Amino acid sequence: WLEVGVGTGRFAATLDVDEGIDPSAEALAYAVRRGLRTRTGQAEALPYADGQFGAILLVVTICFLADPARALAECRRVVKPGGSVIIGLVPKNSAWGQSYERTGAEGHPFYSVATFYTTGQIMTLAEQTGFFFDCGMSCLTESPDEPFARYAPAIPGVVAGAGFVGMRFRAGPD
């Protein structure tokens, strides 16, 4: 497993991901303390051999990439034939995506540099780089602007309006 955009390693450590890459050396210092092997680098130029990983994870990373299409092409290069890339994102057309875009427009240090995408846009990019959609899970059906006592459980599939969607894509044969 490789997590692209591993940051501090919070997701990778929880999911037993082996290695992570991120442009922030400061964030990677936390990931190392969580027991991860790390490299400083960019998603658009992964410093790994072709076909090195069985699965690649990108959790809320795609919106921060300079060139998501190039990053997915690099993921396709370093994943084994038949391997997977799992992309978790906050869809642009969800209430959560719209809320984060407003926050970014107000100058938030993270969201001001984010570009949000719809699930359809990500599916198209993934397919253009040699992946095919396998399955999805959706959650955050609650409004970000209204209080709620408990999150609803995740729903199988790519659900319109969900504030977070995880999509698994398989790499086709070379």
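Preceding this section is the structure that the text describes.
Criteria and thresholds
Residues numbered from 1 in each chain as written. Predicted model: local features only at pLDDT ≥ 70, side-chain atom pairs only at ≥ 80, totals over all residues. Heavy atoms only, no water. Salt bridge = Lys/Arg side-chain N within 4 Å of Asp/Glu carboxyl O. Helix = DSSP H or I, 4+ residues; strand = E, 2+ residues; numbered from the N terminus. Buried < 20%, exposed > 50% of the residue type's maximum accessible area, 1.4 Å probe, protein only. Contact = heavy atoms within 4.5 Å.

**Q** Can you lay out the pattern of salt bridges for me, pointing to particular residues and giving the numbers?
**A** Taken as a whole, this structure holds 9 salt bridges when the rule is applied. One salt bridge connects Arg102 with Asp145, and the closest N-O pair in it is separated by 3.7 Å. On the criterion of sequence distance, the pair formed by Arg102 in helix 4 (residues 95-105) and Asp145 in the loop between strand 6 (131-139) and strand 7 (155-156) is long-range, its members being 43 residues apart. Using a relative accessible area of 42% as the deciding quantity, one classes Arg102 as partly exposed.

**Q** Describe helix 3 (residues 68-78), listing the residues and the values that go with them.
**A** Because an α-helix packs 3.6 residues into every turn, residues spaced three or four apart end up facing the same way. For helix 3, the full list of buried residues reads Pro68, Ala71, Leu72, Glu74, Cys75, Arg76 and Val78. Looking at the buried positions of helix 3, the neighbouring elements they touch are strand 1 (2-4), strand 4 (53-59), strand 5 (79-89), helix 5 (119-128), strand 6 and strand 8 (164-171).

**Q** Which residues make up the environment of Ala171, and what are the values?
**A** Among the structural elements, Ala171 can be located in strand 8. Judged by its relative accessible area of 3%, Ala171 is buried. Considered as a pair, Ala171 and Gly83 are 88 residues apart in the sequence and their alpha carbons are 5.4 Å apart. Apart from the residues lying within four places of it in its own chain, the contact partners of Ala171 are Arg76, Val79, Lys80, Pro81, Gly82, Gly83, Gly130, Phe131 and Phe132.

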